[in-house]
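Here is how the chains run, residue by residue.
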Amino acid sequence: AVGLIALALRFLDFDAVSGRGGRDMTAAFTSLAKVGVALIVALIVAALLPDSPILTLTNLPVEPIALMIGVPLGYFALQVLAARDPRRFVAGIVVAAVGWFAILYPNIAALPLPASIVNAYQGILPTYLYAFQFPVSKIDRNIPTPILTPTFALLAAALVVACLVVAYSTWVWRVALADSTASLSADEADEADDGRILTGGA
């Protein structure tokens, strides 16, 4: 958490030196790189620490924590409203999505991972633990499942009706568009004829 706050402050430094010379930008990049290296070293040191609990908290509500985190995130969200170039935010979101997918891909693809890495994933996954969300069920599900059932027939009929409605709506829209185009062309032709009469053209 401290490392993320430090990174956020270093990113805010770029706004302060955006209109200055290259020396200030270099200093900002150097500061950001130092904080990134320190954060990586801190994560490595934390990974080497023993698994003995240092602090144990029980019955801790998560809502106040979410509200506290929402304050700085709300500040970053307000920057979007005052942005003059929204394309950079789109590019940033795409880069963040790709990076997030690359980080979570081993867990998404169910690749075999060491137990320590799997436990670390549980802290960043946007869901509950597998054992909590999907309890083990011993019900025998090896039973025949018929395909042609009344429910399937109703779903198929509803799908056909929906396709017919969409097709009819598209046909009506195209007919109306063709009529409007034809009427516009007729009006333009009439205006051209009126212009030739006024100017005495043949």
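Scoring rules and cut-offs
Residues numbered from 1 in each chain as written. Predicted model: local features only at pLDDT ≥ 70, side-chain atom pairs only at ≥ 80, totals over all residues. Heavy atoms only, no water. Helix = DSSP H or I, 4+ residues; strand = E, 2+ residues; numbered from the N terminus. Contact = heavy atoms within 4.5 Å. Areas by Shrake-Rupley, 256 points an atom, 1.4 Å probe, with all protein chains shown as cover. Expected span 1.5 Å × (residues − 1). Bend = angle between axes of the 7 residues up to and from the residue. Phe/Tyr/Trp six-rings, centres within 6.5 Å; stacked < 30°, edge-to-face > 60°. Buried < 20%, exposed > 50% of the residue type's maximum accessible area, 1.4 Å probe, protein only. Patch = residues over 30% accessible without salt bridge, like charges linked within 9 Å, V, L, I, M, F, W, Y side chains within 5 Å. Salt bridge = Lys/Arg side-chain N within 4 Å of Asp/Glu carboxyl O.

Undergrad: Tell me what's going on with the overall build of the chain, and back it up with residues and numbers.
TA: A count of helical and extended segments in the chain gives seven helices and zero strands. Written out in order from the N terminus, the α and β elements of the chain read α-α-α-α-α-α-α. Considering only contacts within the chain whose residues lie at least 6 apart along the sequence, 29% involve residues at least 24 apart. With an accessible surface of roughly 17500 Å², the chain has 72% of that area assigned to carbon and sulfur atoms.

Undergrad: Requested: an account of helix α3 (residues 63-81), with residues and values cited.
TA: Over its 19 residues, α3 runs 26 Å from end to end, which matches the ideal 27 Å to within 8%, given 1.5 Å per residue. Roughly 35° is the biggest bend found in α3, and it falls at Val-71, with proline Pro-72 one to four residues downstream.

Undergrad: Let's hear about the packing of aromatic side chains: which residues, and what values?
TA: Tallied over the full model, the rule gives one aromatic pair. Aromatic side chains Tyr-168 and Trp-171 sit 6.0 Å apart centroid to centroid with 40° between the ring planes, which places their arrangement in the tilted category. You can see Tyr-168 and its partner Trp-171 sitting in helix α7 (residues 150-199), three residues apart, about one turn around the helix. Residues Tyr-168 and Trp-171 agree in their burial class; the two are exposed.

Undergrad: Describe a nonpolar patch on the surface, naming the residues involved and giving the relevant values.
TA: Side chains of Ile-54, Leu-55, Leu-57, Leu-60, Ile-65, Ile-69, Leu-73, Tyr-75 and Phe-76 sit close together on the surface and give an oily, nonpolar patch of about 970 Å² of accessible area. Mapped onto the elements of the fold, Ile-65 is located in helix α3.

Undergrad: Give a description of helix α4 (residues 87-108) that names residues and reports values.
TA: With 22 residues, α4 ought to run about 32 Å at 1.5 Å a step, and its terminal C-alpha atoms sit 29 Å apart, in line with that. Maximal helix bending in α4 amounts to about 35°, located at Ala-102; proline Pro-106 follows within four positions. Positioned one or two residues after α4, Ala-110 has a phi angle of 60°, which is positive.

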